[in-house]
Amino acid sequence: MVLMAWASAATADPGVLVLGRISDDPQRHYDQLKPLLDYVVPRMADVGIREGRILMARDTSRMTSYLRHGRVDWVTETAATGLTLINRASAPVLLLTERNGVSHYRSVIFVRNDSPIRTIGDLRGHRLALQNPGSTSAYLLPAITLLDAGVPMEILPSPTDRPRSGGVGYVFGNTEANIATWVMKGVVDAGAFSDVDFAELQERDPRAASLRVVGRSMSAPRAMEIVRADLDPRVRDRLRTVLLQASVDPEAAPALRRFFGTTRFVELTPENAAALDVLSEAARRTREAIE
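The following paragraphs examine the structure supplied in this document. Computed from a predicted structure; not experimentally measured.

In this section: the overall build of the protein. The helix and strand inventory of the protein stands at 10 helices and 14 strands. A compact globule built from 291 residues should have a C-alpha radius of gyration of about 19 Å, and the protein, at 20 Å, falls within 12% of that. Dimensions of the protein, computed from the C-alpha atoms along their principal axes, are close to 65 × 40 × 35 Å. Within the protein, the fraction of its 291 residues that count as buried is 51%. Partitioning the contacts of the protein with sequence separation of at least 6, the portion at a separation of at least 24 is 77%. In the structure as shown, the protein presents an accessible area of about 13100 Å², 50% of it carried by carbon and sulfur atoms.

So, on to the sheet that holds strand 6 (residues 107–112). Taken in spatial order, the 6 strands line up as 8-9-7-10-6-11 in an open sheet, and their pairing is mixed. Of all strands in the sheet, those bounded by a partner on one side alone are strand 8 (153–155) and strand 11 (211–216). The mean angle between the axes of side-by-side strands here comes to 35 degrees, regardless of whether they run parallel or antiparallel. As defined by bridge partners, strand 6 adjoins strand 10 (residues 190–194) across 4 bridges and the pair is classed as antiparallel. Following the sheet pairing, serine 107 is matched in strand 10 by serine 194.

About the cut-offs
- Residues numbered from 1 in each chain as written.
- Predicted model: local features only at pLDDT ≥ 70, side-chain atom pairs only at ≥ 80, totals over all residues.
- Heavy atoms only, no water.
- Helix = DSSP H or I, 4+ residues; strand = E, 2+ residues; numbered from the N terminus.
- Rg over C-alpha atoms; globule rule 2.2 N^0.38 Å.
- Buried < 20%, exposed > 50% of the residue type's maximum accessible area, 1.4 Å probe, protein only.
- Contact = heavy atoms within 4.5 Å.
- Areas by Shrake-Rupley, 256 points an atom, 1.4 Å probe, with all protein chains shown as cover.
- Pairing = 2+ DSSP bridges.
- Axes fitted to C-alpha atoms, helices over the stretch in contact; angles between N-to-C directions.

Right under this line is the structure:
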């Protein structure tokens, strides 16, 4: 089914709504996307939509190309990846996405209670565990926070290596669990991920009482829905209406849960749009500084 979905969007069809996702696990993501697409499509018949398809991309560059060439109509992504697609493909934000009751979150940078590190500036000369370059809360937001504080970053070959004294050295731990464990065991000096995940960690793991937050980032959307720039305005507006109404429709509840734990979709207010612009500019500066 996933292979068919990859091939089916070879040419654009105005009667087909194509939902895209960047994925390294197409089958798992297909199963998460398909129920909501099946819910949406019948409710868009009045604007000519008769079928829904899913198109996966292996990376941001491929999805950017799909958006530019009209092969994908609607993409669901986290803020970091979404901002890249917005900038590269001029893809507008349709809606923000609330997951598990959270529409915005922050990154927290934390250390062990017995650490001498008290502030962001104290991280100079120390090691920081992040998740991966595609993560919003465990890469982009902490990087923005560090560089805005004047703390340069350098990637380390391994957690056993040490950075130069003027900056912080970072390594990738791949999961929040690994990041927290590395900090608690002293493999690295600090870690970073979302305040939501940090609160959950404190609730479920007594060892997390040994951790202390030393810095917090700016806020970012939990996730976002974006559409291609030249999508038919009738289709775009109807899609927005269907998604906004889904949270109050009992028939949509199972599909929303499968859709990455979505609880509702949120209008992009002028305040949210301004905050997104600030985040986008900070992300641009940060990527340029790191690269």
